[in-house]
Amino acid sequence: MIVDALVGLRVFATVAELRSFSAAAERLGLSPAMTSKHVQQVEARVGARLLNRTSRSVSLTEAGMLYLGTVRTLLEGLEQAEAQLSHTTVSPKGTLKVSLPVWMANPAFARLLVAFRAQHPAVTLDLDLSGRKVNLVEEGFDLALRVTAALDDTLIARRLATIRFVLVGTPELLDRLGRPQSPEKLKGAPFLAYSAVAPDGRVRLGNGPEAPELHLTPVLLSGNESLLYLAAREGLGLSMMPHWLVHEDLADGRLEAALNQTLWPEVTLHAIYPNRSYLPAKTRCFLDFLTGPYGIGGLQSE
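Here the residue index of a chain counts from 1 through its sequence in written order. Predicted model: local features are reported for residues with pLDDT of at least 70 only, side-chain atom pairs are reported and counted for 80 or more only, and whole-chain, interface and lining totals are derived from all residues. As a convention, hydrogens and water are excluded, and side-chain values are obtained from all of the structure's heavy atoms.

1. As for the side chain of Ser 239
Next up, step 1: Position of Ser 239 relative to the elements: it lies in strand E11 (residues 239–242).
Next up, step 2: Polar contact is the term for a pair of N or O atoms within 3.5 Å; when the atoms are in protein, one must be able to donate a hydrogen and the other to accept it, and sequence-neighboring residues count only if both atoms are side-chain atoms. Among the polar contacts listed, one links the side chain of Ser 239 to the backbone oxygen of Leu 192, at a separation of 3.3 Å.
Next up, step 3: Should any heavy atoms of two residues lie within 4.5 Å, those residues are considered in contact. If we ignore the near neighbours within four places in the chain, the residues touching Ser 239 are Val 166, Leu 167, Val 168, Phe 191, Leu 192, Leu 228 and Ala 232. Helix and strand assignments follow DSSP, with helices taken as H or I runs no shorter than four residues and strands as E runs no shorter than two, numbered in order from the N terminus.

Here is the structure:
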């Protein structure tokens, strides 16, 4: 009975991860009918519908999202216990679901992902770059990379790197602005604003409470940093960008820094994950890779 219950939990977790009964059946070596039967038995035991089923898709109900968080912790802990008893190491495998800032969609981070996959080919990366604030537990995320000072009590954070931001514009735009050398001379310049941070065009330069504030005129607001970056390259306005996103443009002269490097603000990027005693091998190895010599910290030198 206990074995059947554990099998049912594994089947439910796999269906929830893949959003498909047929894909879960193929991964687990079961028939689609048996896969569906296992999930039905789990739902009967807990007395709630855990999955919404249509002819085209499978999604978690609210109860299913809550239950999945508990089930994942149970199964991952069981895997760890089995590895300890057999004196083996749990191999990183499975789907790693991560929420990322939109501005991490850049060539430097893509190369980092290639290097990670070369080391851990059994891990499939499921990356969300929507920019929204996700609920890690309820939405089944293993990890989130965020620039934030406030954390929920149920979450813990691991420092990854310091990210430098630089105000950039095209050479042609800076020529039209008269190539100002101070924040005061940039007042009122056209600005491509990240709507979640500087919708009014006020940008804090440098670091600390005494850092000067820059007053620009927003001509485009968006919650998508990739669009702001592309618009900056087209000369629509100035934009505050992570250095690792624009360093190649700066080196090639497509973009230029509008102000001295001493005025570039810095923020800390954290990895945020649920506060639990056991981290799955796939999550732990990704965190170790990000903080290693070839991880995010190394990108700052590019």
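2. Focus: the nonpolar core
Nonpolar side chains in soluble globular proteins generally cluster together in the buried interior.
Next up, step 1: Residues belong to a common nonpolar core when they are buried Ala, Val, Leu, Ile, Met, Phe, Trp, Tyr or Cys residues joined through side-chain atoms within 4.5 Å. Each residue is assigned to one of three classes by its accessible area relative to the maximum for its type, calculated with a 1.4 Å probe on protein chains only: buried under 20%, partly exposed between the two thresholds, exposed over 50%. Counting 56 residues, the largest nonpolar core has Met 104, Leu 145, Leu 167, Leu 186 and Ile 296 as the members making the most contacts within it.
Next up, step 2: Not counting residues within four places of it along the chain, the set of residues in contact with Leu 167 comprises Leu 186, Phe 191, Leu 214, Leu 216, Leu 238, Ser 239, Met 240, Glu 256, Ala 257, Ala 258 and Leu 259.
Next up, step 3: Residues Phe 12, Val 15, Leu 68 and Val 71 belong to the second largest nonpolar core, which totals 17 residues.

3. Structural notes on the packing of aromatic side chains
Next up, step 1: A pair of Phe, Tyr and Trp rings is counted when the ring centres sit within 6.5 Å of each other, with Trp represented by its six-membered ring. The angle between the planes then sorts it: under 30 degrees is stacked, over 60 is edge-to-face, the rest tilted. Tallying each qualifying case throughout the model produces six aromatic pairs.
Next up, step 2: Look at Phe 12 and Tyr 67: their rings are 5.8 Å apart centre to centre, the planes differ by 45°, and that puts the pair in the tilted class. Of this pair, Phe 12 sits in helix H1 (residues 2–18) while Tyr 67 sits in helix H4 (residues 62–85), placing them 55 residues apart in sequence.
Next up, step 3: Classification of Phe 12 by relative accessible area gives buried; the value is 0%.
Next up, step 4: Ring centres 5.7 Å apart and planes at 55° place the aromatic pair Trp 103 and Trp 244 in the tilted group. One end of the pair, Trp 103, is in the loop between strand E3 (94–99) and helix H5 (107–119); the other, Trp 244, is in helix H8 (residues 243–252), and 141 residues separate them in sequence. For the pair Trp 103 and Trp 244, one class covers both residues: buried.

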